[in-house]
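# Notes for the structure review
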Amino acid sequence: MASKAVYSQRDPMLKKRDDFEDILEERRNSSDLRYALRCYAPVVYKGLCPSKAGTLKSMVLQSDQLHYVIHQVCRETGRAVDDVQEEASSILEEMAHRLQLSTVRFFAFTLSKVFKTLFRSICVNEEGIQRLQQVIQEHPVVLLPSHRSYMDFLLMSYLLYTYDLALPVIAAGMDFMGMKFVGEMLRMSGAFFIRRSFGGDKLYWAVFSEYVKTMLKNGFAPVEFFLEGTRSRTSKSLTPKLGLLNIVMDPFFKGEVFDVSLVPVSISYERILEESLYARELLGVPKPKESTSGLIKARKVLSEDYGSIHVYFGQPVSVRSLAEGRVNRCQFNLIPRHIPKKPSEDIHSFVNDSAYRLVRAQEENMVLKPWVLLASLLLQNQVSGQKRGIALDELTEQAVWLRDLSRQYGAFLHWPEHTPPSEVVSSSLSLHRGLVRISEGRVQLALDKAAPGEPRSAVTPEEELLSQAVIILSCASYRNQALHVFLRPALLASAIHTASSNKKQEVFNSFSFLRNMFSNEFILCPGATVQDFEEACYLLVKTGALQVTQQEVLVTERGHRTLVFLTSMLDPFLQGYQVVCRFLCEEATEALTEKQFIPAVRKFIIKHLLAGRLRYTEVLSSDLQKNSLAALLRLGAVRKIKGAEQGTLKVNTVMVNSLEDTLGGKLPTQKAVIARL
Amino acid sequence: MASNSSGGSSDRQRIAQQRLRIIAGHLQRPVDGDSAILAAECKAQGSKPDTSREEKTVPRRRQEIMKWNGWGYSDSRFLFNKKGQAEFTGKRYRLSGMIIPGLKDWFECTFGASLQHKTPATPLLNSSAVQPPTLNEAFVEELKSTGIPFSQDAEDRVFRAHGHCLHEIFALREGKFGRVPDMVVWPNCHNDVVKIVELASKHNVCLIPYGGGTSVSSALECPPEETRSIVSLDTSQMNRILWVDEKNLTAHVEAGIVGQDLERLLNESGYCTGHEPDSMEFSSLGGWVATRASGMKKNIYGNIEDLVVHIKMVTPQGVIEKSCQGPRMSTGPDIHHFIMGSEGTLGVVTEVTMKIRPMPEYQKYGSVVFPNFEQGVACLREVARQRCAPASIRLMDNEQFKFGHALKPQVSSIFTSFLDGLKKFYITKFKGFDPNRLCVATLLFEGDREKVLQHEKQVYDIAAKFGGLAAGEDNGQRGYMLTFVIAYLRDLGMDYYVIGESFETSVPWDRVLDICRNVKARIVRECKERGVQFPPLSTCRVTQTYDAGACVYFYFAFNYRGLSDPVHVYEQVEHAAREEILANGGSLSHHHGVGKLRKEWMRETVSNVGMGMLKSVKDYVDPNNIFGNRNLL
């Protein structure tokens, strides 16, 4: 119930985390078949017996909510009631899960085999499991795992089956349905499918929200969905989507349940299965449509070593305690509860804040492997122009330094305790041997590797750049896993760097500007600028890198190294946003549409990279480009014109220019910053 | 229970006869002189202590027959006897003098309480601990000249300084007194009240009207910040029925009369008002008007606002009343609605004309067992939809069902206990009801015999659709009896570290289940968070049905061993429970009123403008805040 875990604590060092246990160990020592066929009798919400999928459907179709909307649709479109009812029923048919224990057992068996081949271990915090078990009996539960891989939801169901917990029903994107057989298999293991976009479709929304609420209210099964909406291709947490969170909180607001427990789950992969797939996607090679044959082709991944997975079931968060003092539930007293209503301003901002807090809670319990630190160091080293890489012992020294720093910042780092650092480093490097090259005791990213089978001469400079970018973006995705640890101090470090003086207020203005600029890029809780600033100051002061007086912010002698590291961490993003700004000023024509934006800006960046005017290859990431555009749209520097040509972008050149200059530290931060210390 | 279904037909008739007596259905009265309805003139001036008033329940010195630090009559109380069995003393009630074998176990299991751990009350009122009165000499002098009786005796004053909120009784049991009235006056009629109010206005004395003293909203508490002399205006001696109009079926009654006297006197001439709030033994007509009271048989007779035809109230600006007794008027906002619910902030209600009805020919109790509370609520909703609610229909949840069960008195015959066993077997084993989920509805039908039986069938048919099983008259009757003794039970709990209270709300039908679940859960959770060692008793019942909603009662009690400030914990939990009620679409109060206890939520309940309207009425009627109990606003 404790909601405290969601609020970041003053001192991250004090964060207490549970121990892990490897569940594959038992699988390696006993029969998978017996495991798949064992007696499964999970505890359920208030001792209710879970109802059949069919009962659930008829409850949804008979609900007041749905009736209301069906009649509304009839009135508006003039269609017959039966007709609309029919449509509702087929929407539900397309959506609904058909959880079957036999399918689950099948998965339990096959996944045991697959997991044992792919992974060294799957570690779970058992205390988290116990907390979950407790809370399932008391309140409806919503599981909120992080989303880095297709594997996530199979893994979640597998774990819950293993621990004899109620199997969740999982919101999955419709694209899975395209995979003929697999789609149905997933459905029978508890997935339900939702269309990616159904903006104005009232009926669809009504069926969907009623379906989820019915499951939740009656405690039929824990509901599971991904706050981030989709898999993060960059390993950074994505800005949370609010739709489903809104739906699962609604029964609490309306008093239909006493409370709802939200359980953030952090799934960290030592090596992500989709590693290079993601990188290619970010570079503009379109993602292959999910198909069964594609999945079979992907089986070559089975022969590789993907290290270990850590799954951390976080502290359950009670919606009731989150909402205490923030949401006035009386607002629902005057309209019948089955009439759909757009969430009010305060509900919306509450759900938004909660979503950020939950994503932060996911981030905080992500396990970081030593490789994450190495990737950060190697990327920085690569950019600094060291063509020959970095000496292994120097890398080890830096890694140890960074290990200590990240721990002080509260990182959940899994660094083997009783192994010499050099061994830790070399074993990490060997697991990721596709990304690094070690020669003559020096380590560097494996950039000069030509595509196999192709003669070098056939490769254009552009193609070579792109193949390097695949390696760099893969590497960056590992570095990104640690970003949330360093983010606030890094923003402060960059602010100190760009601010025109050491005055605290000015540094704060600069910090606040950067934070605002990057709030589409990173998880920064809305309205927490001062809090974030203070946290950053606290961490840097604590580690002796900074002295903060009433008026001034001073970098200490020994803090130099930390600040250089931190600014380099954020630098690719700073540069990336500047390049996007420059592109918009220099090349954006009248007719640039949102669709054309990514290809155009990519071309522009490639040109600059090849000309050597830009150091960071990772700026090629379409994620960064999209985020920067979103930020500029949010700030009003670019506007979308709704007209014949859908989504034409109108650039306010003066404003974009000044944003670019401010990012580059050429202009002092404007008074736009309202918050003061 | 004295009666059971095993009796022969003559026995049956005897029981039916017995049931006809409305109050006697629950209470046994001490032998009275057969008094006709009194149409006495006001004989206030300098009259000697009135001897013709012996038959009335409430004497001036209430402490002579009632507890000064607990509920009800001094001779009636629960106790655990030397054998550890619970018994109810006295002779007034059906349960009086009986052993209740199940209560001890229930009490110990539910609260984790033990008979070893006692918290006895201070036995005697220590007058020296009461603040000496602050008197307004000029007022006292002039009052003396009117001849209206008054007292400055500490016992009299303490008795009128409280209602029956938990914190009030708890303090009395510990022998603690806060601000108490400085004197008590006993007007004898309307004109006496006019004089008192005039004098109070003239000398700037604070008046607090006092009727039955059964308030549970801190309405009678003297505002501690009040510096003026506080005079408690006890209406108990204005207790006559002034006339009965059989052509129009109305009765004109002085407002100090208590419910049981009003019903008894009217019954003697074959009439009744049908207004039976649970507190009717002690609560007064004026109090009902001032708090917008509701009676359990409102389905037939209506709530107080439906029963009242004419009201006379004395205010500092003069007397307010309507000029005629027309049954309905379109003359702007109904001025009665300024009076009803004014909670003693505007004046004293002195006389009321009320509707009366011929006494019902036939009365029948009943009960229905449902497999769970959800089904029970659905049934009540359907009954309300078909507008066929009996005189009273109440639905208790499972905990309350068990509680009611624990209050079964010792049965005399083996046959009865055998029958009970059989019933239990049928319901739980044969019908598959889960004893930890089932709940029971109690019913009371009234009217002519044929119609009652017809009505009964209709209701039982509806109940059957929701899985309800008829469970006999006995269970029904016991359910209603519980109402009258539950307040006594609280005193027993308080002897053994258990404190509790009930509170109510009204809520739309679609919210009934949600509010019941959420409020009960909130109580349990708040208790846990505040360090209460044992899970509390947190239970509810639906007590009234309306077209658009229902009235829900919550009972809440816990064992406070190990808590340093139990009353504070109690108040915090009750506060949280009220917040939960409001958040779930419940009202601030269905019939208890606002008083000072729930004042903080008034603004959000009636809006700023509504608050302004009420304030401006107060400002006009009582600009000097003579009626300074500070309730409501």
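The name an unreviewed UniProt entry assigns to chain B is Alkylglycerone-phosphate synthase, from the organism Lates calcarifer. Database annotation for chain B, UniProt heading Cofactor (unreviewed entry): "FAD". Recorded under Subunit (unreviewed entry), the UniProt text for chain B is reproduced unchanged: "Homodimer."

Chain A is annotated in an unreviewed UniProt entry as Dihydroxyacetone phosphate acyltransferase of Lates calcarifer. UniProt's Pathway (unreviewed entry) comment on chain A is quoted here verbatim: "Phospholipid metabolism." On record in UniProt, under Sequence similarities (unreviewed entry), the comment for chain A is "Belongs to the GPAT/DAPAT family."

Another aspect to go through is the confidence of the model for chain B. Should the pLDDT be low somewhere, the predicted coordinates at that spot are not to be read in detail. Residue and element names in this part refer to chain B. Averaged over chain B, the pLDDT score is 90; the fraction of residues at 70 or greater is 90%. Within the model, pLDDT remains below 50 along residues 1-9, and this stretch shows 17 contacts once partners closer than five positions in the same chain are excluded. In this model residues 22-40 is a low-confidence stretch, pLDDT under 50, and it forms 50 contacts with partners more than four residues away in sequence or in other chains.

A word on the state of the cysteines. All names here are of chain B. Summed over all chains, the structure comprises zero disulfides over all chains. Take Cys 439: it sits in no disulfide, and the sulfur closest to it among the cysteines is that of Cys 540, at 9.3 Å. Look at Cys 439 and you get buried, because its relative accessible area is 0%. No disulfide involves Cys 516; its sulfur sits 3.6 Å from that of Cys 540, the nearest cysteine.

Right, let's get into the side chain of Thr543(A). Residues and elements named next belong to chain A. Within the secondary structure, Thr 543 sits in the loop between helix H22 (529-542) and strand E13 (546-548). A distance of 3.3 Å separates a polar side-chain atom of Thr 543 from the backbone oxygen of Leu 540. Among all residues touching Thr 543, those that are not within four sequence positions of it are Leu 405, Gln 408, Tyr 409 and Arg 558.

Turning next to unusual backbone geometry. Residue and element names in this part refer to chain B. A positive phi angle, near 55°, is found at Leu 249, a position not held by glycine. Along the chain, the position of Leu 249 falls in the loop between strand E8 (241-245) and strand E9 (250-254). For Leu 249, a relative accessible area of 22% translates into the label partly exposed. Even without a glycine there, the phi angle at Arg 387 is positive, about 50°. Mapped onto the elements of the fold, Arg 387 is located in the loop between helix H12 (373-385) and strand E16 (392-396).

Taken together, the contact between chain A and chain B spans 15 residues of the former and 13 residues of the latter. Both sides of the chain A and chain B interface together cover about 1200 Å² of buried area, and 37% of this is carbon and sulfur. The three residues of chain A that bury the most area against chain B are Phe258(A), Arg329(A) and Arg337(A), which together make up 44% of that side's buried surface. Joining chain A to chain B, the criterion identifies five salt bridges. Scanning the region where chain A abuts chain B turns up 13 residue pairs in polar contact (both at pLDDT 80 or more). Its residues assigned to classes, the side of chain A that touches chain B comprises four nonpolar, four polar and seven charged.

Criteria and cut-off values
Residues numbered from 1 in each chain as written. Chains lettered and ligands numbered in written order. Predicted model: local features only at pLDDT ≥ 70, side-chain atom pairs only at ≥ 80, totals over all residues. Heavy atoms only, no water. UniProt positions renumbered as here; feature names shortened; annotations may be inferred. pLDDT = per-residue confidence, 0-100. Contact = heavy atoms within 4.5 Å. Disulfide = S-S within 2.5 Å. Buried < 20%, exposed > 50% of the residue type's maximum accessible area, 1.4 Å probe, protein only. Helix = DSSP H or I, 4+ residues; strand = E, 2+ residues; numbered from the N terminus. Polar contact = N/O pair within 3.5 Å; in protein donor to acceptor, adjacent residues only side chain to side chain. Buried area = accessible area lost by both parts, 1.4 Å probe. Salt bridge = Lys/Arg side-chain N within 4 Å of Asp/Glu carboxyl O. Nonpolar A, V, L, I, M, F, W, Y, C, P; charged D, E, K, R; others polar.

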